[in-house]
Amino acid sequence: MPADGPRLSHTFLSSVVAELSAVGMHHVAKLDESLCSLAVRVDDAGGRPHTLTIALTPAYPSVPPRCFSDLPADMPPVLSIADAVRTYRECIHSLEPYWAELDDLDRRAVVVDKATSMRRIAIAQHCTAMLKISHAEPRSFPLHLSFLGPDRLVQDLNARVAAHRQDWCTSRSIVDNLEMLLDVQIAVGQDEPTPTNIKPDASAAAAKAQSAFECGICLAYHLGGSGALAGGDAESTDASEDDPDNVPSFHCPNTQCGQAFHKACITEWLRSVPDTRQSLYLLLGPCPFCETPLPIESAAMHGAGSTMKRM
């Protein structure tokens, strides 16, 4: 323990040591040297690892621990480390159908980005779907389903959802239901690399597939490089997924191009191009890939690098 850290009572130390021994030190994935923060690994029935982070105060065990986890809902209140691990393990095992459905979706679809219960998957070139899966009924129609892509394609997909939503069947997987609902092929080969698992030495074809969903200006998916896989808690990650400016949500209207851009990136690009015309409310300039005129609402701009409002 650092010399300048809080003085821990004998009750605190003896309680933590006894409870960790009862839980099993082989389950402890991380233990802060102050003993005020620890991470416990719990595997579900399918062997998938889950991590519970437990934060303690020097007043423990008089003050209950705080828990942070990958559960899609808040954990019930707990009184101790052992109680937290027991409750977490029960929650993990009760959600086995939910974990299995997410695992099937991650394995079979091209997952562009993911958070706790959110997945953004590839639907077509330069087009993705964002889903929020119900943990109570994993195979039911998603709690949220929206699309990012060229306007005409998004309109067609929304029309198909409206026309065929009643055909969604809970006896089929989410991937199978989406293929039926949208009339597209989502499932890919198990060994085919996806945007979230492409390695630096991946094939040129895999790299091309990844670039289809990145911003054509900054060559990144998340604006500023922050994303679900870059760290952070589930709440902040889910919040970033709800922000359309954090992902490439503006698309070239040319269906032969359809390149995606962050609104802020394409705005700055157009402002730097001499041929761009600007009025009080509109920027009109060429797409950097196909030179199709791109209209951007200038009223949403507040300076270089600023975040755009929803168009």
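From a predicted model like this one, the values you see are computed outputs, not experimental measurements.

Take unusual backbone geometry next. The amide bond that connects Y60 to the next residue, P61, takes the cis arrangement and shows omega of 15 degrees. Looking at where P61 falls in the secondary structure, it is placed in the loop between strand 3 (49–55) and strand 4 (66–68). The backbone of L35 sits at a positive phi, close to 65 degrees, despite the residue not being glycine. You can see L35 is positioned in the loop between strand 1 (28–31) and strand 2 (37–43). Backbone geometry places E291, a non-glycine residue, at a positive phi of 70 degrees. On the secondary structure map, E291 appears in the loop between strand 12 (282–286) and strand 13 (293–297). The exposure class of E291 is exposed, given its relative accessible area of 64%.

Together, L280, Y281 and L282 give the surface a local cluster of nonpolar side chains, amounting to about 340 Å² of exposed area. Along the chain, Y281 falls in the loop between strand 11 (277–278) and strand 12.

Residues in a regular strand point their side chains to alternate faces of the sheet. Only one face of strand 13 is covered, namely the one carrying L294 and I296; the face carrying P293, P295 and E297 has none of its residues buried. In this structure, strand 12 lies alongside strand 13, joined through 5 bridges in antiparallel fashion. In the strand pairing of strand 13, L282 is matched with E297. Hairpin geometry of strand 12 and strand 13 is characterised by an intervening segment of 6 residues between the two adjacent antiparallel strands and by a positive phi of about 70 degrees at E291.

In this section: the sheet that holds strand 6 (residues 118–124). Ordered in space as 5-6-7-8, the 4 strands form an open sheet in which the pairing is antiparallel. Whereas interior strands pair on both sides, the edge strands pair on one side only; in this sheet they are strand 5 (111–114) and strand 8 (144–148). Along the sheet, successive strands turn relative to each other by an average axial angle of 20 degrees, direction set aside. Pairing geometry for strand 7 (residues 127–132) and strand 8, over 5 bridges, is antiparallel. Across the sheet, A129 pairs through a bridge with F147, a residue of strand 8.

Next up on the list: the pattern of salt bridges. Scanning the entire structure with this criterion turns up 12 salt bridges. A salt bridge links R86 to D83; the shortest N-O distance between them is 3.2 Å. On the criterion of helical spacing, the pair formed by R86 and D83 is a turn pair, its members being 3 residues apart in helix 2 (residues 81–94). We classify R86 as partly exposed; its relative accessible area is 44%. Residue R139 pairs with E101 through a salt bridge whose shortest N-O separation is 2.9 Å. With a gap of 38 residues between them, R139 in the loop between strand 7 and strand 8 and E101 in helix 3 (residues 96–108) connect regions that are remote in the sequence. The class for E101 is buried, based on a relative accessible area of 6%. Salt bridges linked by common partners bring D44, R48, E96 and D103 together as one network.

Counting along an α-helix, one turn takes 3.6 residues, and residues three or four places apart therefore face a common direction. A rise of 1.5 Å per residue sets the reference length of helix 4 (residues 151–164), with its 14 residues, at 20 Å; its end C-alpha atoms lie 20 Å apart and thus fit the reference within 8%. In this structure, the buried residues of helix 4 make contact with strand 6, strand 7, strand 8 and helix 5 (174–182).

Picture a little ball the size of a water molecule; that probe, rolled over the atoms, points out where space is still empty. All told, the structure shown has 1 cavity of 30 Å³ or more when counted by the stated rule. Size it by volume and the largest cavity reaches roughly 50 Å³. Lining the largest cavity we find H126, T128, L148, F213, Y221, P248, H251 and A260. Classifying every residue of the lining of the largest cavity gives 5 nonpolar, 3 polar and no charged.

Thresholds applied
- Residues numbered from 1 in each chain as written.
- Predicted model: local features only at pLDDT ≥ 70, side-chain atom pairs only at ≥ 80, totals over all residues.
- Heavy atoms only, no water.
- Helix = DSSP H or I, 4+ residues; strand = E, 2+ residues; numbered from the N terminus.
- Buried < 20%, exposed > 50% of the residue type's maximum accessible area, 1.4 Å probe, protein only.
- Patch = residues over 30% accessible without salt bridge, like charges linked within 9 Å, V, L, I, M, F, W, Y side chains within 5 Å.
- Areas by Shrake-Rupley, 256 points an atom, 1.4 Å probe, with all protein chains shown as cover.
- Salt bridge = Lys/Arg side-chain N within 4 Å of Asp/Glu carboxyl O.
- Pairing = 2+ DSSP bridges.
- Axes fitted to C-alpha atoms, helices over the stretch in contact; angles between N-to-C directions.
- Expected span 1.5 Å × (residues − 1).
- Contact = heavy atoms within 4.5 Å.
- 1 Å grid on protein atoms, 1.4 Å probe; cavity = no way out; pocket = protein on both sides within 12 Å on 5 of 7 lines; lining within 4 Å.
- Points joined across faces, edges and corners; volume = space filled by probe spheres on them.
- Nonpolar A, V, L, I, M, F, W, Y, C, P; charged D, E, K, R; others polar.

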